[in-house]
Amino acid sequence: MSRQTQCAHVIDLEGLQQLLDALRERGYRTLGPTVRDGAIAYEDIASVEELPRGWTDEQSPGAYRLRPSDTDTVFGFAVGPQSWKRPLFPSHQILWRAGVAGGKVQLDSEPHIDAPLALIGVRACELSALAIQDRVWLGGAAPDAEYRARRADAFIVAVNCAHAGGNCFCVSMHTGPEVTSGYDLALTELGTEGEPTFLVTCATEAGAAVLETLTRRAARDDEIAAAQAVVAHTAASMGRAMPETDWVSRLLVSPEHPRWNALADRCLACGNCTMVCPTCFCTNLEDTSDLSGLQVTRTRRWDSCFSVDFAYVHGGSVRPSIRARYRQWITHKLATWPQQFGTSGCVGCGRCISWCPVGIDLTEEVAALCAETPD
Amino acid sequence: MYPAPRKTRLAVWKFASCDGCQLSLLDCEDALLELAEVLEFAYFPEALSRPVRGRYALSLVEGSISTPKDAERIRAVRRRSDHLVTLGACATAGGIQALRNFAAAGEFVAAVYAHPQYIATLEHSSAISAHVPVDFELRGCPVNKLQLLEVISAFLRGRRPAIPAYSLCIECKSRAHTCVLVATRQACLGPVTQAGCGAICPGCHRGCYGCFGPQETPNTTALSDALAALGVSRAALQRLYRTFNADAPAFRRESERHGE
Ligand code: SF4
Ligand code: SF4
Ligand code: SF4
Ligand code: SF4
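Criteria and cut-off values
Residues numbered from 1 in each chain as written. Chains lettered and ligands numbered in written order. Predicted model: local features only at pLDDT ≥ 70, side-chain atom pairs only at ≥ 80, totals over all residues. Heavy atoms only, no water. Disulfide = S-S within 2.5 Å. Helix = DSSP H or I, 4+ residues; strand = E, 2+ residues; numbered from the N terminus. Buried < 20%, exposed > 50% of the residue type's maximum accessible area, 1.4 Å probe, protein only. Patch = residues over 30% accessible without salt bridge, like charges linked within 9 Å, V, L, I, M, F, W, Y side chains within 5 Å. Areas by Shrake-Rupley, 256 points an atom, 1.4 Å probe, with all protein chains shown as cover. Salt bridge = Lys/Arg side-chain N within 4 Å of Asp/Glu carboxyl O. Lys, Arg positive; Asp, Glu negative; His and termini not counted. Charge placed at Lys NZ, Arg CZ, Asp CG, Glu CD. Polar contact = N/O pair within 3.5 Å; in protein donor to acceptor, adjacent residues only side chain to side chain. Contact = heavy atoms within 4.5 Å. Near = heavy atom within 4 Å. Nonpolar A, V, L, I, M, F, W, Y, C, P; charged D, E, K, R; others polar. Pairing = 2+ DSSP bridges. Axes fitted to C-alpha atoms, helices over the stretch in contact; angles between N-to-C directions. Buried area = accessible area lost by both parts, 1.4 Å probe.

A. Structural context of the state of the cysteines. The final tally for this structure, using the stated rule, is 1 disulfide over all chains. Here C7 of chain A connects covalently by a disulfide to C202 of chain A, the sulfurs 1.9 Å from one another. Of this pair, C7 of chain A sits in the segment before β1 (9–12) while C202 of chain A is found in strand β11 (residues 197–202), placing the two residues 195 residues apart along the sequence. Given a relative accessible area of 8%, C202 of chain A falls into the buried group. Residue C204 of chain B stays outside any disulfide, its sulfur separated by 6.6 Å from that of C201 of chain B, the closest cysteine.

B. Examining a negative patch on the surface more closely. Residues and elements named next belong to chain B. Together, E29, D30, E34 and E37 line one region of the surface with negative charge. Tracing the sequence through the fold places E37 in helix α2 (residues 30–38). Judged by relative accessible area, which is 59%, E37 ranks as exposed.

C. Geometry of the side chain of Q59 of chain A. Residue and element names in this part refer to chain A. In this structure, Q59 sits in strand β4 (residues 55–60). A distance of 3.5 Å separates the side chain of Q59 from the side chain of D57, its partner in a polar contact. Within polar-contact distance, the side chain of Q59 engages the side chain of S354 at 2.5 Å. Beyond its immediate sequence surroundings of up to four residues, Q59 is in contact with Y64, A78, V79, G166, N167 and S354.

D. Local environment of the site of ligand 1. Residue and element names in this part refer to chain A. In the region of ligand 1, 13 residues are neighbours, and C277, C346, C349, G350 and C352 sit closest. Elements that contribute at least two residues to the shell around ligand 1 include exactly α11 (322–341) and α12 (351–354). Tallied by class, the residues present in the shell around ligand 1 amount to 9 nonpolar, 2 polar and 2 charged.

E. How the structure looks around the pattern of salt bridges. All names here are of chain A. For the coordinates displayed, the defined rule picks out 31 salt bridges over all chains. The partner of E256 in a salt bridge is R323, with the nearest N and O atoms 3.2 Å apart. A residue pair is termed long-range when its members are at least 10 positions apart, and E256 in the loop between α8 (247–252) and α9 (259–266) and R323 in helix α11 qualify at 67 residues. Residue classification places E256 among the exposed residues on the basis of a relative accessible area of 56%. A single network of salt bridges, built from pairs that share partners, joins R217, R220, D222 and E223.

F. Quick look at the pairing of strand β3 (residues 39–44) of chain A. Residues and elements named next belong to chain A. Of the pairings in the sheet, the one linking strand β2 (residues 29–36) to β3 comprises 6 bridges and is antiparallel in character. Within β3, the residue paired with T34 across the bridge is A41. Counting the residues in the hairpin turn of β2 and β3 gives 2 residues, including D37, whose phi is positive at 50°.

G. A nonpolar patch on the surface, seen in detail. There is a patch of nonpolar side chains on the surface, built from V112, Y113 and I119 of chain B and spanning about 280 Å² of accessible area. On the secondary structure map, V112 of chain B appears in helix α5 (residues 105–112).

H. The sheet that holds strand β2 (residues 39–43) of chain B, seen in detail. Residues and elements named next belong to chain B. In space, the 5 strands of this open sheet follow the order β2-β1-β3-β4-β5, with parallel pairing throughout. Looking at which strands have only one partner, the edges of the open sheet turn out to be β2 and β5 (136–138). Put simply, the sheet's adjacent strands are angled 30° from each other on average, direction ignored. Relative to the sheet, helix α3 (residues 68–80) contacts β1 (8–14), β3 (56–62) and β4 (81–87), its axis offset from that of β4 by approximately 130°. The sheet contacts of helix α6 (residues 145–157) involve β1, β2, β3, β4 and β5, and relative to β3 the element is tilted by about 160°.

I. Local environment of the pairing of β4 of chain B. Residues and elements named next belong to chain B. Most of β4 is tucked away, with 5 of its 7 residues classed as buried. Sheet topology note: the β3/β4 ladder contains 6 bridges and is parallel. By the bridge assignment for β4, L60 is matched with V85. By the bridge criterion, 3 bridges tie β4 to β5 in an arrangement that is parallel. Paired with T86 across the strands is E137, a residue of β5.

J. Highlighting the interface of chain B and chain A. Each side of the interface is counted separately: chain B has 39 residues, and chain A has 48 residues. The contact between chain B and chain A buries some 3300 Å² in all, and 56% of this surface belongs to carbon and sulfur atoms. Along the contact surface separating chain B from chain A lie 1 salt bridge. D309 of chain A serves as the salt-bridge partner of R160 of chain B, at 2.9 Å between the closest nitrogen and oxygen. On inspection of chain B and its partner chain A, the count reaches 21 residue pairs in polar contact (both at pLDDT 80 or more). Within the residue set of the side of chain B that touches chain A, elements represented by two or more residues are α2, α6, α7 (168–174), α8 (180–184) and α10 (220–229) of chain B. If one sorts the elements of the side of chain B that touches chain A by residue count, α6 of chain B sits on top with 6 residues. Class assignment of the residues belonging to the side of chain B that touches chain A gives a composition of 21 nonpolar, 9 polar and 9 charged.

Take a look at the structure:
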């Protein structure tokens, strides 16, 4: 595997701290995993002390439990409820404001660009999700200026997964667990005993330039082999799998499948699945005026195909039933997304399964929708 | 070129309630001065000593209808108001006092008051919309002052208020709170409750109490099944749905499915 040999070096925790310091010195805002409120969250981190060392998670449909790990690893957990879409595509963003001053209308639509982001600990499925969001926000006729700026400036430190969560199914989606592209530096945590060490590889010049400044040594062949074994072990311990059927075409011909009724009985239409999904991008544009009526604001907020108003057209919603909304979600994500964006909308991260309060399992539902066919 | 708009006459009415929603209006602080620029507070017993009679462009109504006199008064208010907006769980669903709707109100009166003969009360505490047509219902116990300002701003421009009716979970996740139901197995009404409070309780590591009432399409049965699987008893499930919005139809029906 050439990817794991490109400028392969080994660093320890001190090297990882130097990496954070180097990125911060270069002006990056460093975001990475940390423990908050019983889950892994992506937050501003300045020190390796803030990383979730010694923590792991147990995930099953509708359940997530963070617990102390048997090992002292730094990245021994799978993805938590947040994804990188939050910093790149915020849940609430003002697109423009306009006001009347001195008898003239003044428009403020300048994109708001803040410090460049360094994303630390991005998993393979998440890199795939970023690539999908790139198509959504940058692929069309009107690319999103703020997203483009944040994305172009971002420095990505990926991590090869050493632990598959109970709801992970990246292998069957061909999106992981090995990181293959879309990063600057990639880490693989070696071993589970003693002081953590990491195999580092680089994929870009920016990555190589930062790597050069760290205290490091060239990786030995056995360390490169050990890193490959870590990924192979994770690939072999996936929590679940998508069925090996042609679900894209089966879903397209099954709008009246009885399984949708069973789903409608269970689904809360709460929208948690779409909120945690790293590729879901649906928003609502809100136009508001202030009390004086002289200032107006257009705001973009995360919305969900599970909300009634999201499908509001003149006269009412075209998807008033929960059945229609759940069907829209799965069918778009898995079956019509390929036509629209040339890729599946699902990367197999399992978040929608863990964070669904009633534990609806996407892989199980797809299997059921493909297995029995109506008439 | 842009003349100052004529001041709009506003009235704030109180029925059976705790005054919390009206206080949300007084709590608007800086925005209160802006409000005073565009609104004439023509009737507001909480803040003004002398009522002004006449017609009102906008009436904000707090409280539920719980006495025969109030049932008449709300009709008079409606007649004098061009636009009527209810504030909060009492005015929108009957409030916590609607717990009486599940029992015999007369027995409470006899138990609480030394001279029950002086108490004139209705059997039920009911929402304003059960008595007169309502133009907009703002949820909450109490209402969120930012949503209140949005409703007033929207009314002044004749536009639709940007008040989503979707679940609290969408707001909770937008704010990056960790889900207390999934991560800590606490009962949370967020999936069946309307957004609007800013997900205050999950933000304090507590389940949602449902004070904004049912979301647009609440699947309470599915949520109750999930909570029962976490070990929430039938009695506790009933209590969960019977608080500030106990008489909101979706919560009332669900509470009636559970109990001792
Ligand atoms: S649909 Fe579910 S498993 Fe697939 S990417 Fe979205 S959250 Fe992850
Ligand atoms: S889905 Fe794959 S890449 Fe994503 S966290 Fe799980 S094991 Fe890692
Ligand atoms: S599938 Fe689950 S998370 Fe998604 S809307 Fe339905 S109940 Fe909520
Ligand atoms: S904590 Fe409650 S409101 Fe927040 S996502 Fe979980 S169920 Fe929904």
